[in-house]
Amino acid sequence: MENTPLITFDDATLGYGRRVVLPSLTFGLSEGGYLGIVGPNGAGKTTLLKGILGILPPTAGKVTHHRPLTFGYVPQAQTTDDLFPITVLEIVLMGRYRRAGLLKTPGSDDRARAERALEQVGLPHLSTRLFRELSGGQKQRVLMARALVSEPDVLVLDEPTSAMDIAAESATMELIERIHHESRLLVVLVSHSLNIVANHAQTVAILGGAHFQIGPVEEIVQPDTLRGLFHYDFKILEVEGRRLVL
Ligand SMILES: Nc1ncnc2c1ncn2[C@@H]1O[C@H](COP(=O)(O)OP(=O)(O)O)[C@@H](O)[C@H]1O
Ligand SMILES: [Mg+2]
């Protein structure tokens with residue numbers, strides 16, 4: 001059901017040792033929501049993801065998962081996987097391990113689900129290809145399929161379009177939108193671009209230096225709020241139903 005709280009931050013401070021990165025965060029994330037996190041390098045976006053995932057406990061305050069949650073995590077594009085001659089289907093099947101157990105050989109049901117996840121991301125024809133031979137955009141989609149096959153409650157994406165040209169970026173954002181719509185899961189997306197977040201997320205968190213602000217997209221992405229955060233007069237245009245932040 002929508003609006004059922006999944007994760008709550010109560011005055012939670014995130015940091016490392018004595019170093020505070022994000023002080024006193026209070027907000028909730030609900031089933032079916034879509035949070036976009038924006039901010040410059042080093043602002044604490046990945047730290048916030050770790051807090052949401054529950055792998056970085058708060059140094060003060062409380063982070064609550066309201067029930068056991070499965071996270072589908074799509075990491076930032078990297079090249080380490082390229083060393084191994086692994087097929088696309090094998091990569092996607094890794095997403096089943098957490099459910100099936102590491103030592104269990106994937107069964108026909110796991111394979112069927114992996115094939116279905118590849119269809120969902122628009123790559124059903126690539127299952128026998130080697131992962132390392134794919135384009136950057138295709139790899140990103142395969143990693144999305146790997147996240148989906150674990151049947152996650154929360155889909156977490158760290159800068160999924162940072163290595164893409166603008167056409168691949170639009171296609172990927174549409175794909176995430178479709179998955180969000182069809183599977184009704186909570187999406188948490190980190191992006192370097194306010195424009196991307198402004199057009200896809202329902203809730204926006206802006207991080208940067210001393211400030212943190214989170215709220216509905218229509219409250220955050222408006223000139224007064226942005227001026228307060230950045231001391232800069234942004235222009236926000238609407239072009240064919242899309243927000244354009246300049
Ligand atoms: N494991 C760590 N130990 C200590 N400091 C860290 C660690 N990870 C990140 N930081 C620091 O926390 C701050 C936020 O980092 P990060 O969350 O990775 O930012 P972003 O993802 O927005 O680029 C940075 O100043 C970074 O140096
Ligand atoms: Mg980061």
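For the structure itself, consult the block above.
The paragraphs below set out a description of the structure included in this document. (Residues numbered from 1 in each chain as written. Chains lettered and ligands numbered in written order. Predicted model: local features only at pLDDT ≥ 70, side-chain atom pairs only at ≥ 80, totals over all residues. Heavy atoms only, no water.)

1. Focus on the overall build of the chain
Stage number 1. Helix and strand counts for the chain stand at eight helices and 11 strands.
Stage number 2. Against the 2.2 N^0.38 benchmark of 18 Å for 246 residues, the chain shows a C-alpha radius of gyration of 19 Å, consistent with a compact globule.
Stage number 3. Principal-axis analysis of the C-alpha atoms places the extent of the chain at approximately 55 × 40 × 35 Å.
Stage number 4. Across the 246 residues of the chain, 46% fall into the buried class.
Stage number 5. Long-range pairs, those at least 24 residues apart, make up 66% of the contacts in the chain with a sequence separation of at least 6. (Helix = DSSP H or I, 4+ residues; strand = E, 2+ residues; numbered from the N terminus. Rg over C-alpha atoms; globule rule 2.2 N^0.38 Å. Buried < 20%, exposed > 50% of the residue type's maximum accessible area, 1.4 Å probe, protein only. Contact = heavy atoms within 4.5 Å.)

2. Comments concerning the environment of isoleucine 179
Stage number 1. Topologically, isoleucine 179 is positioned in helix 5 (residues 166-183).
Stage number 2. Since its relative accessible area comes to 1%, isoleucine 179 is described here as buried.
Stage number 3. Separated by 129 residues in sequence, isoleucine 179 and lysine 50 place their C-alpha atoms 22 Å apart.
Stage number 4. Those residues in contact with isoleucine 179, other than ones at most four positions away along the chain, are Gln120, Met144, Leu148, Leu155, Arg184 and Leu185.

3. Quick look at the packing of helix 4 (residues 136-148) against helix 5
Stage number 1. For the pair helix 4 and helix 5, the least separation of the axes is 12 Å and the interaxial angle reads 15°. On the basis of their axis angle, the class for helix 4 and helix 5 is roughly parallel. Judged by the twist between their axes, the crossing of helix 4 over helix 5 is right-handed. The residues of helix 5 that touch helix 4, namely those facing Arg141, Met144 and Leu148, are Ala171, Thr172, Leu175, Ile176 and Ile179.
Stage number 2. A per-class count over the contact of helix 4 with helix 5 returns six nonpolar, one polar and one charged. (Axes fitted to C-alpha atoms, helices over the stretch in contact; angles between N-to-C directions. Parallel < 35°, antiparallel > 145°, perpendicular 65-115°, else oblique. Left-handed = near helix turned anticlockwise from the far one by under 90°. Nonpolar A, V, L, I, M, F, W, Y, C, P; charged D, E, K, R; others polar.)

4. Topic: the site of ligand 1
Stage number 1. Tyr16, Arg19, Val21, Pro40, Asn41, Gly42, Ala43, Gly44, Lys45, Thr46 and Thr47 make up every residue found near ligand 1.
Stage number 2. Here an oxygen atom of ligand 1 sits 2.6 Å away from a polar atom, N or O, in the side chain of threonine 47.
Stage number 3. Against a free-state accessible area of 560 Å², the protein chains account for coverage of 60% of ligand 1.
Stage number 4. Put simply, the parts of the chain that give the shell around ligand 1 at least two residues each are strand 2 (19-30) and helix 1 (45-53).
Stage number 5. It is helix 1 that contributes the most residues to the shell around ligand 1, three residues altogether.
Stage number 6. Of the residues assigned to the shell around ligand 1, the class counts are four nonpolar, five polar and two charged. (Near = heavy atom within 4 Å. Polar contact = N/O pair within 3.5 Å; in protein donor to acceptor, adjacent residues only side chain to side chain. Areas by Shrake-Rupley, 256 points an atom, 1.4 Å probe, with all protein chains shown as cover.)

5. Topic: the packing of aromatic side chains
Stage number 1. A full pass over the atoms with the stated rule returns three aromatic pairs.
Stage number 2. Judged by centre distance (4.4 Å) and plane angle (20°), the rings of phenylalanine 9 and phenylalanine 27 are stacked. Here phenylalanine 9, found in strand 1 (residues 5-16), pairs with phenylalanine 27, found in strand 2; they are 18 residues apart in sequence, far enough to count as distant. The pair phenylalanine 9 / phenylalanine 27 is uniform in exposure class, with both members buried.
Stage number 3. Arranged with centres 4.9 Å apart and planes meeting at 70°, the rings of tyrosine 232 and phenylalanine 234 form a pair that is edge-to-face.
Stage number 4. Given a relative accessible area of 48%, tyrosine 232 falls into the partly exposed group.
Stage number 5. Positioned above the aromatic ring of phenylalanine 131, the side-chain terminus of lysine 139 is 5.8 Å from the ring centre. (Phe/Tyr/Trp six-rings, centres within 6.5 Å; stacked < 30°, edge-to-face > 60°. Lys NZ or Arg CZ within 6 Å of the ring centre and 35° of its normal.)

Function cannot be read off these values alone, since they describe shape.
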